[in-house]
Amino acid sequence: MTPSPDRKSAAVALNRFGLGVRPDEPLPADPQAWLLSQFEHYAPLPAAWADQPPGAALVAGYVETRRELRQADAAGEPAIRQKLRGLTQERYRSAVNARVASALTTPAPFAERLVHFWANHFAVSIDKPPVSGLAGAFEAEAIRPHVLGRFEDMLMAAERHPAMLFYLDQVRSIGPGSVVGLRAERADNARRRGLNENLAREILELHTVGVRSGYGQEDVTEFARALTGWSVGGLPGLPAAQQAGEFVFLPALHEPGARKVLARHYDQPGEAQASAILRDLAAAPATAQHLAAKLARHFAGDTPLPALVGRLADSYLRSRGDLPSVYRTLLASPEAWAPMPSKFKTPWEWTLSSLRGLGWRDLRGQQLAPMLAQLGQPTWRPGSPAGYDDLAASWVAPDALMRRIELARRLAAQTGSQLDARVLGPQLLPDGLGQASATEIARAESPATALALLLASPEFLRR
């Protein structure tokens, strides 16, 4: 039996734009209107996130523990290091659980998916010790409040957040001609720190205009000079600041003078200089094109049609970076509603859709961070500022698929005979379960095996 057009559109809305079907919720009668209505129901700080500590408190705690470590003798150092590792792991796992719980219970799964998209666009990685306890706070404070706002505001919040400043070594950047830089030069300090270009480079290459937009090395260096002074308050070895653990501008680190970036002249004083550059980058046509291509790739296939990318870029420029306007253009584009599943689910997406499909509304006492790491996509650990890849080729390796099958068996065994996969299949895949998969599920030796086969079926692996 061929699914009706309404069921096909509902499947796209729930699985491609959303986070997966919940069998206890009805299919939307008007899929596009249902997606748009979620903008009114999205909660920047939902209950799942409410108990997470703010980033400033996490930074202050990290700095204090590091101070204890520096002052400890040889006998006391191992215990303090163990305490730091344990506390960092606890905070990381708690934040991952909050992220998953929010995805399971949200009334706005499309908006929640957009949070995940933008958090990956502005990727930080827990490979660096200060970031491992801060990654959740970064998403909660820099991404979630702005996902339905203007890109410029999200850009500013992301680049100023302590997690980003730590991750890309901005806290180590000192203008050579600044007060501190000149003082270090006079002292001939062999360990003195100089200009660090990491944040400037990644803003240009990844966060805004993109790698093939025409900027050069001199633009990176000039932007890095403008960014000097952007730091985190209360760090040892830096000038004192009142806002411990928060973004601060430290004038003594700032490289004086006017800057020229992408052929534009910036002579603003202090902190305002880099802020002006960021505002211009947010408004640049190259940024519109770069962001449009990423959104189109995420929702309409690994090789989206240029017409869709152009439409999204035009919407971005016309609305001056108003993200909901871009999302509305996306939802109005027929390319995004192609009935054939166009994207292979990442491990994160597959896990969420599996848990939602099995009816989970809480974590049932489980830690989700180890589960996602086992699948090959540990949360907030992409390993590079580029974030996790959004292409099928990165996730279809045989060993990666075997890990999903193993987890599907575990989840199915926990569910037992509570769900009938023959009934659940058409619910989770309103656009139809293939005949081969349906036959295999019907012939399964047990209800748990049938559920595992459903979760590992080719149809469920795509969105």
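The preceding data block contains the structure.
Analysis parameters
- Residues numbered from 1 in each chain as written.
- Predicted model: local features only at pLDDT ≥ 70, side-chain atom pairs only at ≥ 80, totals over all residues.
- Heavy atoms only, no water.
- Helix = DSSP H or I, 4+ residues; strand = E, 2+ residues; numbered from the N terminus.
- Rg over C-alpha atoms; globule rule 2.2 N^0.38 Å.
- Buried < 20%, exposed > 50% of the residue type's maximum accessible area, 1.4 Å probe, protein only.
- Contact = heavy atoms within 4.5 Å.
- Lys, Arg positive; Asp, Glu negative; His and termini not counted.
- Charge placed at Lys NZ, Arg CZ, Asp CG, Glu CD.
- Axes fitted to C-alpha atoms, helices over the stretch in contact; angles between N-to-C directions.
- Parallel < 35°, antiparallel > 145°, perpendicular 65-115°, else oblique.
- Left-handed = near helix turned anticlockwise from the far one by under 90°.
- Nonpolar A, V, L, I, M, F, W, Y, C, P; charged D, E, K, R; others polar.
- Arc of directions from axis to C-beta.
- Core = buried A, V, L, I, M, F, W, Y, C linked by side-chain atoms within 4.5 Å.
- Phe/Tyr/Trp six-rings, centres within 6.5 Å; stacked < 30°, edge-to-face > 60°.
- Lys NZ or Arg CZ within 6 Å of the ring centre and 35° of its normal.
- Expected span 1.5 Å × (residues − 1).
- Salt bridge = Lys/Arg side-chain N within 4 Å of Asp/Glu carboxyl O.

## Quick notes on the overall build of the chain
- For the chain, the helix and strand inventory stands at 22 helices and four strands.
- Against the compact-globule benchmark of 23 Å for 463 residues, the chain has a radius of gyration of 24 Å, which places it among compact chains.
- Residues counted as buried form 52% of the 463 residues belonging to the chain.
- Restricting the contact set of the chain to residue pairs at least 6 apart, pairs at least 24 apart contribute 73%.
- Charged side chains of the chain number 51 positive and 47 negative; the gap between the two group centres comes to 2 Å.

## Some thoughts on the packing of helix α5 (residues 109-121) against helix α14 (residues 285-300)
- Their axes nearest at 12 Å, the elements α5 and α14 cross at an angle of 125°. Between α5 and α14, the crossing angle belongs to the class labelled oblique. The element α5 and its partner α14 pack so that their crossing is right-handed. Packed against α5, whose contacting residues are F110, R113, L114, F117, W118 and H121, the element α14 presents H290, L291, K294, L295, H298 and F299 at the interface.
- Among the residues making up the contact of α5 with α14, the classes are represented as seven nonpolar, three polar and two charged.

## Re helix α10 (residues 179-187)
- Where α10 is concerned, the buried positions are V180, G181 and A184. Buried residues in α10, looked at end-on, bunch into an arc of 100°, giving them a common side.

## Quick word on the nonpolar core
- Formed by 136 residues in total, the largest nonpolar core has its most connected members in F17, V100, W118, F122 and F223.
- Every residue in contact with V100, bar those within four places of it in the chain, is listed here: W348, L352, L355, L363, L368 and L372.

## Re the packing of helix α8 (residues 151-160) against helix α11 (residues 198-207)
- Relative orientation of the contacting elements α8 and α11 amounts to 150°, with a least axis distance of 12 Å. By the criterion of interaxial angle, the relationship of α8 to α11 is roughly antiparallel. The handedness of the crossing between α8 and α11 comes out as right-handed. Contacts between α8 and α11 pair F151, L155 and E159 from the former with L199, I203 and H207 from the latter.
- The class makeup of the residues in the contact of α8 with α11 is four nonpolar, one polar and one charged.

## Some points on the environment of G86
- Within the fold, G86 resides in helix α4 (residues 77-105).
- A sequence separation of 12 residues divides G86 from A98, and the C-alpha atoms of the two residues are 18 Å apart.

## Considerations on the packing of aromatic side chains
- A complete count under the given rule lists 14 aromatic pairs for this structure.
- Judged by centre distance (5.2 Å) and plane angle (40°), the rings of F17 and W337 are tilted. One end of the pair, F17, is in helix α1 (residues 5-17); the other, W337, is in the loop between α16 (323-331) and α17 (347-357), and 320 residues separate them in sequence. There is no split in this pair, since F17 and W337 are both buried.
- Where Y388 meets W395, the ring centres are 5.9 Å apart and the plane angle is 50°; that geometry is what we call tilted. Judged on exposure class, the residue Y388 and its partner W395 are both buried.
- These aromatic residues form a ring-pair network of at least three members: F17, F39, F110, F299, Y327 and W337.
- Over the face of the ring belonging to F460 we find K345, whose NZ or CZ atom lies 3.7 Å from the ring centre.

## Describing the side chain of S178
- Tracing the chain through its elements places S178 in the loop between α9 (162-167) and α10.
- Not counting residues within four places of it along the chain, the set of residues in contact with S178 comprises A252, L253, H254, E255 and P256.

## Some thoughts on helix α15 (residues 306-318)
- Between the first and last C-alpha of α15 there are 18 Å, a value that for 13 residues agrees with the 18 Å anticipated at 1.5 Å per step.
- Restricting attention to buried positions, one finds in α15 the residues L308, V309, L312, A313, S315 and Y316. The arc that holds every buried residue of α15, seen down its axis, measures 160°, which confines them to one face. Opposite its buried face, α15 presents the exposed residues P306 and R318, each directed more than 90 degrees away.
- Looking at the packing, one finds that the buried side of α15 touches α8, α13 (271-283), α14 and α16.
- Positive phi appears at R320, one or two residues downstream of α15, with a value of about 60°.

## Overview of the pattern of salt bridges
- Taken as a whole and judged by the stated rule, the model has 26 salt bridges.
- Residue R144 is joined to E112 by a salt bridge in which the shortest nitrogen-to-oxygen separation is 2.7 Å. In this pair, R144 sits in the loop between α7 (135-143) and α8 while E112 sits in helix α5, placing the two residues 32 residues apart along the sequence. Here R144 matches E112 in class, with each residue buried.
- Note that E222 and R259 form a salt bridge whose closest N and O atoms lie 3.1 Å from each other. Of the two residues, E222 sits in helix α12 (residues 217-227) while R259 sits in strand β3 (residues 259-261), which places them 37 residues apart along the sequence. Both residues of the pair, E222 and R259, belong to the buried class.

## Things to note about unusual backbone geometry
- Phi is positive for L262, close to 50°, though the residue is something other than glycine.
- In this fold, L262 is placed in the loop between β3 and β4 (264-266).

## Describing the environment of I203
- Looking at the element boundaries, I203 is found in helix α11.
- For I203, a relative accessible area of 0% corresponds to the buried category.
- C-alpha of I203 to C-alpha of Q367: the two residues are 164 residues apart in sequence and 33 Å apart in space.

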